[in-house]
Structures are given as C-alpha cells and as structure tokens.
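Architecture and fold: a report
As a plain string of letters, each chain reads:
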Amino acid sequence: MLTALVGGADDAFTGSLDVRGAASGRVTFQDGLIIDAGTSAAPGVESVLLRSGRVTAQQWTAVHTAGAAIGQVPALLVERGLLGRAGVQILARITVMDALFALASSAPTAVARQPARPGAVAVPALLPARPGIDARWAVRETARRLAVADQWSTQFGLTARSRPRPASGAARMPTAAPQVSLLAWMDGRRTGRDLAFALGRGIYPVLTDLAFLIQRGWIELAPPQGHPPADVPTRMARPRSTPADPSAPRPYGDRFHRAPATADTALSDHAPRRRYEILVDSPLPRPPISTAARIAEQRHRPAVDTSHRPGQVEAT
C-alpha cells in the first residue's frame, strides 16, 4: 500500500486508492496530494468530533445534513463556532494519518487505483485536508509509526487488538487527561481499537499512551480470548532508551520538527528537500478531568459498538 501511495505522488494522481484486506478503506488523491483517507478500522471525523465531546449529536446532524452533499462541512463547522479554521485542518490531518496507519498495519491484500472520470461528479470528502498531504511524507511517517508499533508488539504484546486493564496494586495513578480517560474505560474486555472509538482518538495515539502506561506498571494486558494467561506477556522490562514522557502536556495543533535522515528517505529520492516536516498527533482540547471521578463514572459503562458506518450519526 505504501508503494502505491508513492506512485500516486509520482504520477500527480487524481482519484482514489481502494484498499482491501483485514481492514478495507479508501485513500483519495488530488493532483498527487492526499486529501482524504478513511477506514472502518479507525475513528473518522464523525467519531472524533462526537466521542471527544467537541460537538453534540444534534450539532453534527445539522452540519452534516446541510453541508455533506455539497462539500460545505468544514465551512459550516467554522461558521457555527464548533471549530476554528486551523482546528478543521488539524482534525482532517489527524484522521487521514490515523486511517493510513490502520490500513497499513492490517496487511492489505490488494490496492486498486480508481482514476477520477472526466466530467463525473464525485462525492466530496467530508473533511478534506487542504491543500493536501505530501504522500511521500505520509509514507515516511506511516512507516515510522509501523516500526514503533512493531516494537510495542515485541516488547509488551501490545496491538490494537490487546485488551488492557488497570494493574492491581499500582502505587499511584497518572494525571494526564488522555491517560486518565483511557483508564476510566479499561475493563479487560475493550480492545485498544474499542478505546480509540470510545474516546474519539486515533488508534496510534491510543497505543502510544497504552505503551507508556504499561512501562509505568499502571496497566496490564488481559489474555486474548481462548488463551490461558501464561501464553500472553503482560509487562516486560523497561527498554534502555525511554521515549519522551507522554504525560507532559502536549500542544494542540501541528508540531514542527526536523526530519532525521533514515532508511525511509529512499522512498523520496525525487522529492524536493524540505526544511521541516509536520507531525500531527495531538488530541482535541478537552476540559480538565478529575481522575477519581472520571474512573468512577465510566468504568462500568457498556462496551462501545464500533461497527457503525461512515456518515452515520452516533448517539451520545
């Protein structure tokens, strides 16, 4: 799939890439730039907005009904004060990159290119990334995330299908809002993917927080269904190189950093040199969370149904 994305950039492709596999989805190109990506395996724009509490179901229904068919959802979100112009594009980039990660990590079996037909009226993307995401950068960033996820799988047995639960006898609890919310929803039955849909967060950011919580001994992984506990690693020794502390406050919006030279740059031999790359993985801003109150309120909520289809409004 990543090779097909690079091909779309090389050909200045306009159209879509239909991905088939354990998780199916679609990546939309315009003039070689990625403007949209979606899959049922990762929360989309609707799930992120509703589950994060940024908009209500009634507000989303009104915006979707008035603007989806004519491509005016971004403008209406801004006009009605639900998101700022920068927030719209941040949300678009977050969901696109998380969809690419989910699709690439599901071992796709087929990728079919569907060029846009001249004169045909295409259904507009719900929240397109404008002016678009450089496909070569998206491939490098997705490859980096896949490599990190492989390390989590090897070290902790952590994947999107893992079922985390609070560890017994933890000395103290985290205070960062995203991690508190994760703990509040954990019950040993919900998977990492379930938690992402429940909280309106991306799969990769959720796995990042879960890996940190495992390292700190605050959570453990429940055995997969049908396997005895002895077959599953729950926690392993902390690696020598510890990543930056995710409990520190993260900025809301784009984070700029210089891209180090890696083997992945072979994918972009013909790409122009860039002074910086953009990495978007910050959650939408949320009100302060009380650890004890949030856990007491949410721990016994029913599991979230993640089988909804794009465009279908979720009840809050």
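Located above this text is the structure these notes cover.
Residues numbered from 1 in each chain as written. Predicted model: local features only at pLDDT ≥ 70, side-chain atom pairs only at ≥ 80, totals over all residues. Heavy atoms only, no water.

Structural notes on helix H6 (residues 135–156)
A rise of 1.5 Å per residue sets the reference length of H6, with its 22 residues, at 32 Å; its end C-alpha atoms lie 31 Å apart and thus fit the reference within 8%. At the N-terminal end of H6, a side-chain oxygen is found 2.8 Å from the backbone nitrogen of Arg136, two or three residues along, and the residue is Asp134. Directly after H6, the chain includes Gly157, whose backbone phi takes a positive value near 75°. (Helix = DSSP H or I, 4+ residues; strand = E, 2+ residues; numbered from the N terminus. Expected span 1.5 Å × (residues − 1). Polar contact = N/O pair within 3.5 Å; in protein donor to acceptor, adjacent residues only side chain to side chain.)

Side note on the packing of helix H7 (residues 177–185) against helix H9 (residues 203–215)
At a minimum axis separation of 10 Å, H7 and H9 run at an interaxial angle of 85°. Between H7 and H9, the angle falls in the class roughly perpendicular. Here Pro178, Gln179 and Leu182 of H7 come into contact with H9, specifically with Val206, Asp209, Leu210, Phe212 and Leu213. Tallied by class, residues from the contact of H7 with H9 come to six nonpolar, one polar and one charged. (Axes fitted to C-alpha atoms, helices over the stretch in contact; angles between N-to-C directions. Parallel < 35°, antiparallel > 145°, perpendicular 65-115°, else oblique. Contact = heavy atoms within 4.5 Å. Nonpolar A, V, L, I, M, F, W, Y, C, P; charged D, E, K, R; others polar.)

Concerning the nonpolar core
Ile34, Leu77 and Leu100 are the most contacted members of the largest nonpolar core, which totals 73 residues. When residues of this core are assigned to their parent elements, the largest contribution, 11 residues, is made by helix H5 (residues 85–105). Those residues in contact with Ile34, other than ones at most four positions away along the chain, are Leu5, Val27, Thr28, Phe29, Val96, Leu100, Ala129, Gly132, Ile133, Ala135 and Ala138. (Core = buried A, V, L, I, M, F, W, Y, C linked by side-chain atoms within 4.5 Å. Buried < 20%, exposed > 50% of the residue type's maximum accessible area, 1.4 Å probe, protein only.)

Quick look at the packing of aromatic side chains
Enumeration according to the criterion identifies four aromatic pairs in this entry. A centroid spacing of 5.3 Å and a plane angle of 70° characterise the contact between Phe101 and Tyr204, whose relative ring orientation is edge-to-face. In this pair, Phe101 sits in helix H5 while Tyr204 sits in helix H9, placing the two residues 103 residues apart along the sequence. Judged by relative accessible area, which is 3%, Phe101 ranks as buried. Over the aromatic face of Phe13 sits the side chain of Arg113, whose NZ or CZ is 4.4 Å from the ring centroid. (Phe/Tyr/Trp six-rings, centres within 6.5 Å; stacked < 30°, edge-to-face > 60°. Lys NZ or Arg CZ within 6 Å of the ring centre and 35° of its normal.)

Looking at helix H3 (residues 57–67)
All buried positions along H3 are accounted for by Ala57, Trp60, Val63 and Gly67. Buried residues of H3 fall within an arc of 130° about the axis and therefore sit on the same side. Opposite the buried face of H3, by more than 90 degrees, sit the exposed residues Gln58 and Thr65. The inward-facing, buried residues of H3 abut helix H2 (45–51) and helix H4 (73–79). (Arc of directions from axis to C-beta.)

Focus on the packing of H7 against helix H8 (residues 192–199)
Here H7 crosses H8 at 115°, and the two axes come no closer than 10 Å. Crossing handedness for the pair H7 and H8: right-handed. Contact residues: Ser181, Leu182 and Trp185 in H7; Leu195, Ala198 and Leu199 in H8. Per-class residue counts for the contact of H7 with H8 are five nonpolar, one polar and no charged. (Left-handed = near helix turned anticlockwise from the far one by under 90°.)

Notes on the side chain of Ser106
Inspection of the secondary structure assignment puts Ser106 in the loop between H5 and strand E4 (110–115). If near-sequence neighbours (up to four positions away) are discounted, Ser106 is found in contact with Ala22 and Ala23.

Notes on unusual backbone geometry
Phi is mostly negative for residues that are not glycine, and the peptide bonds are mostly trans. In this model, Arg130 is joined to Pro131 through a cis peptide bond whose omega is 5°. Secondary-structure assignment places Pro131 in the loop between E4 and strand E5 (133–134). Backbone geometry at Ala12 places phi at a positive 50°, although glycine is not the residue there. Within the secondary structure, Ala12 sits in the loop between helix H1 (2–10) and strand E1 (15–20). Not every positive phi belongs to a glycine, and Ala107 is a case in point at roughly 55°. Tracing the sequence through the fold places Ala107 in the loop between H5 and E4.

These figures capture arrangement, not role.
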